[in-house]
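# Tertiary structure, described
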Amino acid sequence: MQYRAVLFDFDFTLADASEAILAGFQHGFSTMGLPDPDPDAVRRTIGIPLEDAFTLLTGHKDEEERQHFRALFTEVAAPMQVEVTRLFPGAEELLRALQAAGIPAALVSTKRAQTLRQVLAPRGLLPLFASITGGEMVSRQKPDPEGLLAAVAALGFTPDQVLYCGDTVIDAETAQRAGANFCAVLNGTTPASDFAPFPTAHIAPDLMDLRRWLDLDDSEH
């Protein structure tokens, strides 16, 4: 293992909360009198700040309207995410293998830290993370490296000593701007070809591959 810590994005990297996210968008759009959003279009926005996703899908830029959408979205999506979020195959095994190897794991996500904790705690996964950095904890969202840099510094490392794993080009740019190593995880809607402009240490088709690539696969030991 050449990295001192491994940091992760959450949605479409470690887990799939799209059922709740889609429900939140549908509730928000319906309540605001907007046409139902296209589910595939919503999935492609997962990983960017919620307000920006709203603007991208509707063209509406008024900040009061954007915040109203967040409130409506949260009414439905926040409690639902706790119930329906599904970890991708290999996620728990990867996290436990990192812990067994003494390599800290951390989350840097645009999702709120409180929501992440509420999802992780009942699944017994909260102790597997050294830290959780949510979107409400930074003044500038990804791809600004603020959150990633703060998380790395809090672990006592420098960006070149860590690996950041994510499913979007936003995550790739975040790592690049932070000076961290990056691994693309193809659990989301972004194809491998989209990562070509960015420096990547590895492109993992799934989390089992990532675990093997990190030399954490104990199947041969």
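Residues numbered from 1 in each chain as written. Predicted model: local features only at pLDDT ≥ 70, side-chain atom pairs only at ≥ 80, totals over all residues. Heavy atoms only, no water.

The chain goes by HAD-IA family hydrolase in an unreviewed UniProt entry, where it is assigned to Candidatus Flavonifractor merdigallinarum.

## Thoughts on the pairing of strand E7 (residues 181–185)
With 4 of 5 residues buried, E7 is to be regarded as a mostly interior element. As judged from the 4 bridges shared by strand E6 (residues 162–166) and E7, these two strands associate in the parallel manner. The partner of Gly166 across the bridge, within E7, is Ala184. Handedness of the crossover joining E6 and E7 through helix H8 (residues 169–178): right-handed. For E7 and strand E8 (residues 202–204), the ladder comprises 3 bridges, and the chain directions are parallel. Among the inter-strand pairings, Ala184 is bridged to a residue of E8, identified as Ile203. (Buried < 20%, exposed > 50% of the residue type's maximum accessible area, 1.4 Å probe, protein only. Helix = DSSP H or I, 4+ residues; strand = E, 2+ residues; numbered from the N terminus. Pairing = 2+ DSSP bridges. Right-handed = clockwise from strand over helix to strand, strands pointing away.)

## A closer look at the packing of helix H1 (residues 18–31) against helix H4 (residues 63–84)
Relative orientation of the contacting elements H1 and H4 amounts to 155 degrees, with a least axis distance of 8 Å. Relative to H4, H1 is oriented roughly antiparallel. Crossing hand, H1 versus H4: right-handed. Across the interface between the two elements, Glu19, Ala20, Ile21, Ala23, Gly24, Phe25, His27, Gly28, Phe29 and Thr31 of H1 pack against Phe69, Leu72, Phe73, Glu75, Val76, Ala77, Met80, Gln81 and Val84 of H4. A class-by-class count of the residues in the contact of H1 with H4 yields 12 nonpolar, 5 polar and 2 charged. (Axes fitted to C-alpha atoms, helices over the stretch in contact; angles between N-to-C directions. Parallel < 35°, antiparallel > 145°, perpendicular 65-115°, else oblique. Left-handed = near helix turned anticlockwise from the far one by under 90°. Contact = heavy atoms within 4.5 Å. Nonpolar A, V, L, I, M, F, W, Y, C, P; charged D, E, K, R; others polar.)

## Brief notes about the pattern of salt bridges
In total, this model carries 13 salt bridges according to the counting rule given. Put simply, Asp11 and Lys111 hold a salt bridge, and the shortest N to O gap is 3.0 Å. With Asp11 in the loop between strand E1 (5–8) and strand E2 (15–16) and Lys111 in the loop between strand E4 (105–108) and helix H6 (113–120), this residue pair connects regions lying 100 residues apart in the sequence. For Asp11, a relative accessible area of 8% puts it in the buried group. Three or more residues joined by partner-sharing salt bridges are found here, namely Arg140, Asp144, Glu146, Glu173 and Arg177. (Salt bridge = Lys/Arg side-chain N within 4 Å of Asp/Glu carboxyl O.)

## Some words on unusual backbone geometry
The linkage connecting Lys142 with the following residue, Pro143, adopts the cis geometry, with an omega of 15 degrees. Relative to the elements of secondary structure, Pro143 occurs in the loop between strand E5 (131–133) and helix H7 (146–155). The phi dihedral of Phe12 is positive, around 65 degrees, even though this residue is not glycine. Structurally, the position occupied by Phe12 is in the loop between E1 and E2.

## Looking at the packing of aromatic side chains
Each aromatic ring pair is characterised by the separation of its centres together with the angle its planes make. Within this structure, the stated rule accounts for 9 aromatic pairs. A ring pair is formed by Phe69 and Phe73, whose centres lie 6.0 Å apart and whose planes are at 45 degrees; its orientation type is tilted. Here Phe73 and Phe69 lie together in helix H4, a separation of 4 residues that amounts to about one turn. Like Phe73, Phe69 is buried. Taken together, a centroid distance of 6.0 Å and an interplanar angle of 35 degrees make the contact between Phe182 and Phe195 tilted. Here Phe182, found in strand E7, pairs with Phe195, found in the loop between E7 and E8; they are 13 residues apart in sequence, far enough to count as distant. For Phe182, a relative accessible area of 1% translates into the label buried. (Phe/Tyr/Trp six-rings, centres within 6.5 Å; stacked < 30°, edge-to-face > 60°.)

## As for the packing of helix H3 (residues 50–58) against H4
Packing of H3 against H4 brings their axes to within 9 Å, and their N-to-C directions diverge by 110 degrees. Looking at the two axes, H3 sits roughly perpendicular to H4. Considering the relative orientation of H3 and H4, their crossing is right-handed. Seen from H3, the contacting residues are Leu50, Glu51, Asp52, Phe54 and Thr55; seen from H4, they are Glu65, Arg66, Gln67, Phe69, Arg70 and Phe73. Tallied by class, the residues present in the contact of H3 with H4 amount to 4 nonpolar, 2 polar and 5 charged.

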